[in-house]
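Letter by letter, the chains look like this.
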Amino acid sequence: MAQRRTNGSKLLLTVLYVVAACKAVPISDLLDRASQRSDRLHSLSTMLTRELDSHFPPIGRMIMPRPAMCHTSSLQTPNDKEQALQVSESDLLSLARSLLRAWVDPLLVLSSSANTLPHPAQNSISNKIQELQEHSKTLGDGLNILSGKMGPAAQTMSLLPYRGGNDLGQDKISKLINFQFLLSCFRRDSHKIDSFLKVLRCRAAKMQPEMC
């Protein structure tokens, strides 16, 4: 019993130390780290998309759903950098967190489907999807800390449920098309997240808007 209490006390002290350390880190430094992580996230999703494109059936490009069918399309976001510069810091962080949270379940679907994907680079794709999950989790934890520093408005999130189900298709063509579509949606959203965080980092560094 005494051993359990000792272990529990050590764990509590570790948690308190981490929390205290995070609170001591300036927002600008946290934004630098978050921006680096989001940049890696978008780069990785771009590499994955290109890898899939190498063996994507021509008919797939004709029948693949449009971007408007992505489950996050209902979220109103800035269309470009100029619009993003007009949005408040708290709202930009809220948008980034909402998009990232919306991909927890779909990334699980991609991860479980990658093992049976009819593609010669199946193992590489599966490993990269797992890496996407890890980066997303780490980035999400970092943005949660940031939101706590930026006030209530930054802590609000829009719910964007994924209703696509766990099955991406029974035949090879359907699996490839649905996998590619879901990944293309993530790539689009990861680009938005990266853009929003770069604008926030720019503002924290007090740079001129045209330099962001």
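Residues numbered from 1 in each chain as written. Predicted model: local features only at pLDDT ≥ 70, side-chain atom pairs only at ≥ 80, totals over all residues. Heavy atoms only, no water.

Participant: Honestly, the state of the cysteines in this entry has me stumped. Any pointers?
Facilitator: Here, the word disulfide means a covalent bond between the sulfur atoms of two cysteines. Counting across every chain of the model gives one disulfide. There is a disulfide in this structure between C70 and C185, and the S-S distance comes to 1.9 Å. One disulfide, between C70 and C185, carries an S-S torsion of -80° and so falls in the left-handed class. Of this pair, C70 sits in the loop between helix 3 (58–63) and helix 4 (81–84) while C185 sits in helix 9 (residues 172–204), placing them 115 residues apart in sequence. For the pair C70 and C185, one class covers both residues: buried. (Disulfide = S-S within 2.5 Å. Helix = DSSP H or I, 4+ residues; strand = E, 2+ residues; numbered from the N terminus. Buried < 20%, exposed > 50% of the residue type's maximum accessible area, 1.4 Å probe, protein only.)

Participant: When you look at the packing of aromatic side chains in this model, what are you seeing that I'm missing?
Facilitator: What characterises a pair of aromatic rings is the spacing of the ring centres plus the angle enclosed by the ring planes. Under the criterion given, the structure shown has one aromatic pair. Ring centres of W103 and F186 lie 5.2 Å apart, and the angle between their planes is 80°; on these two criteria the pair is classed as edge-to-face. Pair noted here: W103 is in the loop between helix 5 (89–101) and helix 6 (104–114) and F186 is in helix 9, with a separation of 83 residues, a long-range link. This pair shows no difference in class: W103 is buried, exactly as F186 is. (Phe/Tyr/Trp six-rings, centres within 6.5 Å; stacked < 30°, edge-to-face > 60°.)

Participant: What is the right way to look at the environment of H55 in this model?
Facilitator: Among the secondary structure elements, H55 is positioned in the loop between helix 2 (27–53) and helix 3. Given the relative accessible area of 46%, H55 is considered partly exposed. Sequence-distant contacts of H55, defined by excluding residues within four places in its chain, comprise H119, P120 and L176. (Contact = heavy atoms within 4.5 Å.)

Participant: Mind showing me how you'd approach the side chain of S113 here?
Facilitator: With respect to the secondary-structure elements, S113 resides in helix 6. With a relative accessible area of 12%, S113 lands in the buried category. Those residues in contact with S113 that lie beyond four places of it in its chain are N166, L168 and F179.

Participant: Would you mind showing me how to read the nonpolar core here?
Facilitator: Generally speaking, soluble globular proteins have nonpolar side chains that are buried together. Counting 50 residues, the largest nonpolar core has I125, L132, L143, F179 and L197 as its most contacted members. If you list the elements that add at least two residues to this core, you get helix 2, helix 5, helix 6, helix 7 (122–150) and helix 9. With 13 residues, helix 9 is the largest single contributor of residues to this core. Apart from residues lying up to four places away in sequence, L132 is in contact with L41, L44, S45, L48, L107, L183 and F186. (Core = buried A, V, L, I, M, F, W, Y, C linked by side-chain atoms within 4.5 Å.)

Participant: Whenever I open this one, the confidence of the model for the protein confuses me. Can you help?
Facilitator: Fine structural detail should not be taken from predicted coordinates in areas where pLDDT scores are low. With 83% of its residues at a pLDDT of 70 or more, the protein shows a mean pLDDT of 84. Between the elements of the protein, mean pLDDT differs from a low of 45, seen in helix 1 (residues 2–24), to a high of 96, seen in helix 5. (pLDDT = per-residue confidence, 0-100.)

Participant: Even after reading the chapter, I still don't get the packing of helix 5 against helix 9, so can you show me in this structure?
Facilitator: Two measures define how a pair of helices packs: the angle their axes make with one another and the distance between the axes. Viewed as axis vectors pointing N to C, helix 5 and helix 9 meet at an angle of 155°, and their least axial separation amounts to 9 Å. Looking at the two axes, helix 5 sits roughly antiparallel to helix 9. In terms of crossing hand, the pair formed by helix 5 and helix 9 is left-handed. Contact residues: E89, L92, L93, L95, A96, L99 and L100 in helix 5; D189, K192, I193, F196, L197, V199, L200 and R203 in helix 9. The class makeup of the residues in the contact of helix 5 with helix 9 is 11 nonpolar, no polar and four charged. (Axes fitted to C-alpha atoms, helices over the stretch in contact; angles between N-to-C directions. Parallel < 35°, antiparallel > 145°, perpendicular 65-115°, else oblique. Left-handed = near helix turned anticlockwise from the far one by under 90°. Nonpolar A, V, L, I, M, F, W, Y, C, P; charged D, E, K, R; others polar.)

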